[in-house]
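# Observations on chain architecture
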Amino acid sequence: MVVSFAIVGIIVPDVSGLREEVSHQTREEVREEITAGVTARMLYEYPDASHEDISAAVVYAIEGEVSNAVSSAVAGAFGFWVLLPALFLIVYIFATRRIIEALTLATVLGFIVGYRGGFFGSFSGALLNTLMGEDMAWLIIVCGLMGGIVALIERSGGGMAFGTLAAKIAKTSRPTLFSTMLCSLLLSIDDYLSVLASGSAMTPVNDRHRTPREMTAYVVDSASAPACVLNPISTWSLFIGGLLVANGLGQPGQQVLTYVRLVPFNFYAIATLFVLTLVIAGVIPKFGPMRGAFRRVAQGGPLAPPGSERIDIRSGQEKIETPKNPKLYNFFVPIIVLVATTIFFEFDMQKGVISAVGFCFIFFVFQGMKPVDFVDEILRGLKNMLMPILLVVLAFSFADMSKEIGFVYYVVDVATQNVTPSMLFVTIFLVFVFTEFIMGISWGMYVIALPIAIPVAVGLGVDPYIAAAAVVSAGVFGSHSCFYSDSTILTSAATGCDNFRHAITQIPFGLIGATVAAVGYTILGIVMYG
């Protein structure tokens, strides 16, 4: 493998000069226009914005435009070489079922393609930038503290009390799975909140009915991001609505109203929830790897596939001493406070989870928990999230590498060279389904994809809102089906299911939804522009 990587480093094109040339030229070309546009928008949205705030926003916008221009130029220079890391990644994952090694090696290979002999410094820099990034810091705080809250609920007996109640209400597997789906839907203001809270709460309940962990993970995951993207008051709608306005769709201050126009055309999310309902009801039978999971459990095998203990957020919970008479409010009160504070702070989950931890300290210490035990449980929960966080760091680094070598731009350019207006919707959907399945960063992909898709749609005289909806729909597929997306990883952690097994058992059902969505976009395009 080392020899193969070295050969790649020798024969790939050298684009260092091209990077510098495009960077300088683009910066000079866009400086004046972006400065005027960003300044006007900042003063409109934030009348009290300081000169420093406006300057920072201008610099950020210019550097983003430069980065996009460089990535596009590099993609043209590399050609098919940009596909090599993605192909290596998928082959390695299926051959070894080892995702950490696959992401690490594929990222190194990508930087060899992009920087030849200077790959090591670029790889090191990418890891550092990922860890120093605001998104990663947010994820570490939120997921680490969420792990702590889960540990506290288990230690206090709240999880046991909830499991006992749920078992009395839902006495068979099917009603319990529907309850799991409902729990995820009710928490769909944010996908992290949905998968971590519902997965942690409902997995022990499903375990009592001998439901394979793969099935629990599928239900939790399928009712999180797909539901969030259909919810006009979720973190997804606020983020995407802001991107839409920034790219010329809708007026400043109307982010949510602009986003609502996309919701009816998010065919993948709608199809996925429909498919999920039919699978739980038994109308769509379990097939493929999911059928194998049910066979394993029916034959007396473990509920969780091998290797799941490494990622399970409840790892080691059997050693925890819980109260003899657990109280149900020890489950519901922390979750209600978490949801309420997240909503209160305008859907800022970081502030919500910090507030919830502060409340839990008073709540549990008042009941007799020692402060030192409280801290120990927070640390135990954080420790149990280290594996998922490591996977997300590697996934983000791989995505950064893919952007640097122009992976998305190359695929889009090849796919849209001869596209017709009637086929634009389905082409956009399929292109970004592919790129997002490889990159696994739905929100990051939106930042790249929407500025590409919207101008293409306008140029062909096609409804840009539906084109944007196709991009959003594709991002949900990636979040839902990619082996190493943040949603897949956190669902695996919350349900105690190996993330490769979770992904491989979920993909067949995701492909049903993707097929339905592709057919829908094809028909819509033909009806409107055929």
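Everything discussed here concerns the structure shown above.
Here's what I pulled together on the structure shown here. Bear in mind the structure is a predicted one, so any value in this text is a computation, not a measurement.

How each quantity is defined
Residues numbered from 1 in each chain as written. Predicted model: local features only at pLDDT ≥ 70, side-chain atom pairs only at ≥ 80, totals over all residues. Heavy atoms only, no water. Core = buried A, V, L, I, M, F, W, Y, C linked by side-chain atoms within 4.5 Å. Buried < 20%, exposed > 50% of the residue type's maximum accessible area, 1.4 Å probe, protein only. Contact = heavy atoms within 4.5 Å. Helix = DSSP H or I, 4+ residues; strand = E, 2+ residues; numbered from the N terminus. Polar contact = N/O pair within 3.5 Å; in protein donor to acceptor, adjacent residues only side chain to side chain. Salt bridge = Lys/Arg side-chain N within 4 Å of Asp/Glu carboxyl O. Expected span 1.5 Å × (residues − 1). Phe/Tyr/Trp six-rings, centres within 6.5 Å; stacked < 30°, edge-to-face > 60°. Lys NZ or Arg CZ within 6 Å of the ring centre and 35° of its normal. Axes fitted to C-alpha atoms, helices over the stretch in contact; angles between N-to-C directions. Parallel < 35°, antiparallel > 145°, perpendicular 65-115°, else oblique. Left-handed = near helix turned anticlockwise from the far one by under 90°. Nonpolar A, V, L, I, M, F, W, Y, C, P; charged D, E, K, R; others polar. 1 Å grid on protein atoms, 1.4 Å probe; cavity = no way out; pocket = protein on both sides within 12 Å on 5 of 7 lines; lining within 4 Å. Points joined across faces, edges and corners; volume = space filled by probe spheres on them.

## Section: the nonpolar core
The nonpolar side chains of a soluble globular protein tend to be buried, and buried together. The biggest cluster of nonpolar side chains holds 159 residues, and the ones touching the most others in it are Leu244, Phe429, Phe432, Tyr446, Val471, Phe483 and Tyr484. Aside from chain neighbours lying at most four places away, what touches tyrosine 446 is Trp236, Phe239, Ile240, Leu243, Pro451, Val471, Val472, Gly475 and Val476. Grouped together as the second largest cluster of nonpolar side chains are 13 residues, Leu177, Val275, Met290 and Phe509 included.

## Focus: the side chain of threonine 203
Topologically, threonine 203 is positioned in helix H10 (residues 191–208). One polar contact links the side chain of threonine 203 to the main-chain carbonyl oxygen of glycine 199, over a distance of 2.6 Å. Residues contacting threonine 203, with those up to four places away along its chain left out, are Ser198, Arg213, Thr216, Arg314, Ala494 and Thr495.

## Details of the pattern of salt bridges
Close approach of charged atoms lets side chains of opposite charge pair. Summed over all chains, the structure comprises nine salt bridges. Notably, a salt bridge pairs arginine 213 with aspartate 207, separated by 2.9 Å at the nearest N-O pair. Of the two residues, arginine 213 and aspartate 207, neither departs from the other in class, the shared state being buried. Its salt-bridge partner being arginine 501, residue glutamate 214 comes within 3.4 Å of it at the nearest N-O pair. Here arginine 501 lies in helix H26 (residues 499–529) and glutamate 214 lies in helix H11 (residues 213–222), a separation of 287 residues in the sequence. We classify arginine 501 as buried; its relative accessible area is 16%. If you follow the salt bridges from partner to partner, you end up with Arg155, Asp373, Glu377 and Arg380 in one network.

## Comments concerning helix H3 (residues 51–78)
Over its 28 residues, H3 runs 40 Å from end to end, which matches the ideal 40 Å to within 8%, given 1.5 Å per residue. Restricting attention to buried positions, one finds in H3 the residues Ile54, Ala57, Val58, Ile62, Val66, Val70, Ser71, Val74, Ala75 and Phe78. One or two residues past the end of H3 sits glycine 79, with phi positive at roughly 65°.

## Focus: the packing of aromatic side chains
Describing an aromatic ring pair means giving the distance of the ring centres and the angle of the ring planes. Under the counting rule described, the total for this entry stands at 25 aromatic pairs. Seen from their ring centres, phenylalanine 331 and phenylalanine 332 are 5.1 Å apart, and the 85° between their planes marks the pair as edge-to-face. According to the relative accessible area criterion, phenylalanine 331 is buried, its value standing at 9%. Judged by relative accessible area, phenylalanine 332 falls into the partly exposed class, the value being 33%. For the pair phenylalanine 361 and phenylalanine 374, a centre-to-centre distance of 5.1 Å together with 85° between the ring planes defines the contact as edge-to-face. A residue pair is termed long-range when its members are at least 10 positions apart, and phenylalanine 361 in helix H18 (residues 349–366) and phenylalanine 374 in helix H19 (residues 371–384) qualify at 13 residues. Among the residues examined, phenylalanine 361 registers a relative accessible area of 35% and is labelled partly exposed. Using a relative accessible area of 5% as the deciding quantity, one classes phenylalanine 374 as buried. An aromatic cluster is present here, built from Phe94, Tyr268, Phe437, Phe477, Phe483 and Phe500 joined pairwise through their rings. Between the NZ or CZ atom of arginine 261 and the centre of the ring of tyrosine 465, over which it lies, the distance is 3.7 Å.

## Concerning the packing of helix H5 (residues 99–115) against helix H20 (residues 386–404)
Each packed pair of helices is defined by two parameters, the angle between the axes and the distance between the axes. The interhelical angle for the contact between H5 and H20, taken along N-to-C directions, is 25°, at an axis separation of 9 Å. With respect to each other, H5 and H20 are oriented roughly parallel. Considering how the two elements wind past one another, H5 and H20 form a crossing that is left-handed. Along the contact surface, H5 presents Ile99, Ile100, Leu103, Thr104, Ala106, Thr107, Gly110, Phe111 and Tyr115, while H20 presents Met387, Leu390, Leu391, Leu394, Ala395, Ser397, Phe398, Met401 and Glu404. Of the residues contributing to the contact of H5 with H20, the split by class is 13 nonpolar, four polar and one charged.

## Brief notes about empty space enclosed by the protein
Empty pockets left among the atoms are what a rolling probe the size of a water molecule brings to light. A complete count under the given rule lists one cavity of 30 Å³ or more for this structure. Volume-wise, the largest cavity comes out at about 60 Å³. Lining the largest cavity we find Val412, Thr416, Leu424, Thr427, Ile428, Val431, Phe432, Ile452, Ala453 and Val456. Breaking the lining of the largest cavity down by element, the ones donating at least two residues are helix H22 (424–439) and helix H23 (442–459). Per-element tally for the lining of the largest cavity: the top contributor is H22, with five residues. The residue makeup of the lining of the largest cavity, split by class, is eight nonpolar, two polar and no charged.

## Structural notes on the layout of surface pockets
Estimated volume of the second largest pocket: approximately 420 Å³. Surrounding the second largest pocket, 19 residues form its lining, Phe162, Cys183, Leu186, Phe331 and Phe332 being those nearest its centre. Secondary-structure elements contributing two or more residues to the lining of the second largest pocket are helix H8 (158–169), helix H9 (173–186), H10 and helix H17 (329–344). Among the residues forming the lining of the second largest pocket, the class breakdown is 17 nonpolar, two polar and no charged.

Limitation: the analysis is restricted to geometry and does not speak to function.
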